[in-house]
Amino acid sequence: MASIRISAVVGAPAATVWAALRDVHDLPRLAPGFVVKSERDGERRVITFDNGAVATELIVDVDEADRRVAYAIVDSPLALVHHHAISQVIEAGEGRCTFAWQADFLPADREPVVRAFMERGLAALIRAHEKALD
């Protein structure tokens, strides 16, 4: 199994970024440009990314107290046999927060592709939410 953990400080209040993350069926709000479409399918969401890839994710938990969302990819072009991820917004003071993202998945050889995807998503999130402060 592969595990990826990435995080970054975002120049936006935790409450602002959390409001976008917790709105689990509107991912373009969280990372516009990276996620171009998100549709609700019961407790699942069907996401279209900027490169045309489409993934279906099961929302596992939305934890208000910890500002944390857990989800699992159940269908994607990557042919993952297991995937579980957690995204969390952590207060960092002075109108800033840390966005932490962790994914555990199989097969492990997909690690470079999954990492690159996560890094692009995090960069889009930072651009969108820091720009919102301007």
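Residues numbered from 1 in each chain as written. Predicted model: local features only at pLDDT ≥ 70, side-chain atom pairs only at ≥ 80, totals over all residues. Heavy atoms only, no water.

**Q** What should I look at first to understand the pairing of strand β1 (residues 2–10) in this one?
**A** The two faces of the sheet receive side chains in turn, since in a regular strand these alternate between them. Of the two faces of β1, only one is covered, namely that formed by Ala2, Ile4, Ile6, Ala8 and Val10; the face formed by Ser3, Arg5, Ser7 and Val9 stays uncovered. Pairing between β1 and strand β7 (residues 96–106): nine bridges, direction antiparallel. Bridged to Ile4 within β7 is Ala103. (Buried < 20%, exposed > 50% of the residue type's maximum accessible area, 1.4 Å probe, protein only. Helix = DSSP H or I, 4+ residues; strand = E, 2+ residues; numbered from the N terminus. Pairing = 2+ DSSP bridges.)

**Q** I would appreciate a short explanation of the sheet that holds strand β5 (residues 68–75) in the present structure.
**A** Sheet strands pair by backbone hydrogen bonding; their relative direction is either parallel or antiparallel. The antiparallel open sheet is built from seven strands, whose spatial order is β1-β7-β6-β5-β4-β3-β2. With one partner strand each, in any of the chains shown, β1 and β2 (35–41) form the two edges of the open sheet. On average, each strand axis in the sheet is tilted by 25° relative to the strand beside it, whichever way the strands run. Bridge count for strand β6 (residues 82–93) against β7 is eleven bridges, and the pairing is antiparallel. Looking at β7, one finds that Ile90 is bridged to Thr98. Against the sheet, helix α3 (residues 111–131) makes contact with β1, β3 (44–49) and β7, and its axis sits at roughly 15° relative to β1, the strand it touches most. (Axes fitted to C-alpha atoms, helices over the stretch in contact; angles between N-to-C directions. Contact = heavy atoms within 4.5 Å.)

**Q** Help me out: how do you make sense of α3 in this one?
**A** Helical geometry: 3.6 residues make up each α-helical turn, so side chains three or four residues apart lie on a common side. Here α3 is 21 residues long and its end C-alpha atoms lie 30 Å apart, about the 30 Å a rise of 1.5 Å per residue gives. Among the residues of α3, Val114, Met118, Gly121, Leu122, Ala124, Leu125, Ile126 and His129 are the ones counted as buried. Next to the buried residues of α3 lie β1, α1 (14–22), α2 (27–30) and β7. (Expected span 1.5 Å × (residues − 1).)

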